[in-house]
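# Observations on the three-dimensional arrangement
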Amino acid sequence: LKLIFFLCLCVFVCCMGQVEGWLDVLSEMLRSASVFASQGGPVILVQLENEYSMVSDQYGDDGIKYLKWVESLRNRINCGIPYFMCYGATADLLETINAFYAHQEIPRHRASRPNEPLVWTEAWSGWDDTWCSPHHKRDPTDLAYA
């Protein structure tokens, strides 16, 4: 199972073909419904990958190929709005801040992406719960501080 997960996050052609086919169907449905801002709809951004840089080092050259393939997916979606990734975007895609305390990531983001806007994509009011563990809660003042 670990090997399958590894291959799907890098360059595994049969998975890539399935993702491309699914995106073709989904993007056509969304374009037909005129949901993208370029069509007057409410959707202003499309996220292509999430937090890939947290695992990318273990994939080496295959990880780089995977990211380039993910970047190419925007041509399949073709919706006329900006595309982004959280942590680990390619040079041609916007990178967003994704952290529990976003303000702590602003210097890193400005240093690595000086010409991009500061966009925080995950403002967690809680966290994932696990069985037999206490329920995760976040105080509203802490969230406002973040």
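Structure: above.
No experiment lies behind these values; they were computed from the predicted model shown. In every chain, residue numbers begin from 1 and rise along the written sequence. Side-chain atom pairs in this predicted model are given and counted only at pLDDT of 80 or more, local residue features only at pLDDT of at least 70, and totals for whole chains, interfaces and linings cover all residues. Side-chain descriptors were evaluated using all non-hydrogen atoms of the structure, hydrogens and water having been removed beforehand.

## Things to note about helix α3 (residues 60–77)
Each helix corresponds to a stretch of at least 4 residues labelled H or I by DSSP, and each strand to a stretch of at least 2 residues labelled E; elements are numbered beginning at the N terminus. Helices are assigned an expected span. That span is 1.5 Å times one less than the residue count. With 18 residues, α3 extends 27 Å from end C-alpha to end C-alpha; this agrees with the ideal 26 Å at 1.5 Å per step. Taken as a whole, α3 has its buried residues at G63, Y66, L67, W69, V70, E71, L73 and I77. Residue N78 follows α3 closely and has a positive phi angle near 45°. Here the term buried applies to any residue with accessible area under 20% of the maximum for its type, exposed to any over 50%, and partly exposed to those in between, with areas from a 1.4 Å probe on protein chains only.

## A few points about unusual backbone geometry
Positioned with a positive phi, E51 is a non-glycine residue whose angle comes to about 55°. If you trace the backbone, E51 turns up in the loop between β1 (46–50) and α3. Assessed through its relative accessible area of 22%, E51 is described here as partly exposed. For C132, which is not a glycine, the phi torsion comes out positive at approximately 65°. Relative to the helices and strands, C132 is located in the loop between α4 (106–112) and α5 (140–145). By relative accessible area, C132 is classed as exposed at 87%.

## Examining the nonpolar core
Definition of nonpolar core: a set of buried residues of the types Ala, Val, Leu, Ile, Met, Phe, Trp, Tyr and Cys, connected through side-chain atoms within 4.5 Å. In this structure, F36, V46, L48, I77, C79 and Y83 are the most contacted members of the largest nonpolar core, which totals 20 residues. Listing elements by their share of this core, those giving two or more residues are α2 (13–32), β1, α3 and β2 (83–86). Examining the composition of this core, we find that 6 residues originate from one element, α3, more than from any other. Beyond its immediate chain neighbours, meaning those up to four positions away, C79 contacts F36, S38 and V46. We call two residues in contact when some of their heavy atoms are within 4.5 Å.

## A closer look at α2
When the terminal C-alpha atoms of α2 are compared, their 28 Å separation across 20 residues agrees well with the 28 Å that a helix rising 1.5 Å per residue should span. Buried residues along α2 sit in contact with α3. Within two residues after α2, S34 carries a phi angle of roughly 55°, on the positive side.

## Side note on the pattern of salt bridges
A pairing counts as a salt bridge when a side-chain nitrogen of Lys or Arg comes within 4 Å of a carboxyl oxygen of Asp or Glu. Under the counting rule described, the total for this entry stands at 10 salt bridges. Among the ionic pairs, E20 bridges to R76, the shortest N-O distance being 3.8 Å. One end of the pair, E20, is in helix α2; the other, R76, is in helix α3, with 56 residues separating them in the sequence. In this structure R76 comes out as partly exposed when scored by relative accessible area, which is 33%. The residue R113 makes a salt bridge to E95 at a minimum N-O spacing of 3.6 Å. Taken as a pair, R113 in the loop between α4 and α5 and E95 in strand β3 (residues 94–96) lie far apart in primary sequence, 18 residues in all. Per residue, the accessibility class of R113 equals that of E95, and both read buried.

## Here's the deal with the sheet that holds β3
Each pair of strands is called paired provided DSSP finds at least two bridges between the two strands. Pairing within the open sheet is parallel, and its 3 strands lie in the order β1-β2-β3. In this open sheet, the two strands that pair with only one neighbour each are β1 and β3. Strand-to-strand twist of the sheet, defined as the mean angle between neighbouring strand axes without regard to direction, takes the value 35°. Summarising the sheet, β1 and β2 pair through 4 bridges and their orientation is parallel. Axis geometry follows a simple rule: fit a line to the C-alpha atoms, using only the stretch in contact for helices, then measure angles between N-to-C directions, giving values from 0 to 180 degrees.

## Focus on the side chain of T96
Within the secondary structure, T96 is located in strand β3. Separated by 3.1 Å, the side chains of T96 and T121 make a polar contact. Ignoring anything within four residues of it in the chain, the contact list for T96 reads F84, M85, C86, Y87, H109, V119 and T121. In protein, a polar contact requires one atom able to donate a hydrogen and another able to accept it; more generally it is a pair of N or O atoms within 3.5 Å, and residues adjacent in sequence count only if both atoms are side-chain atoms.

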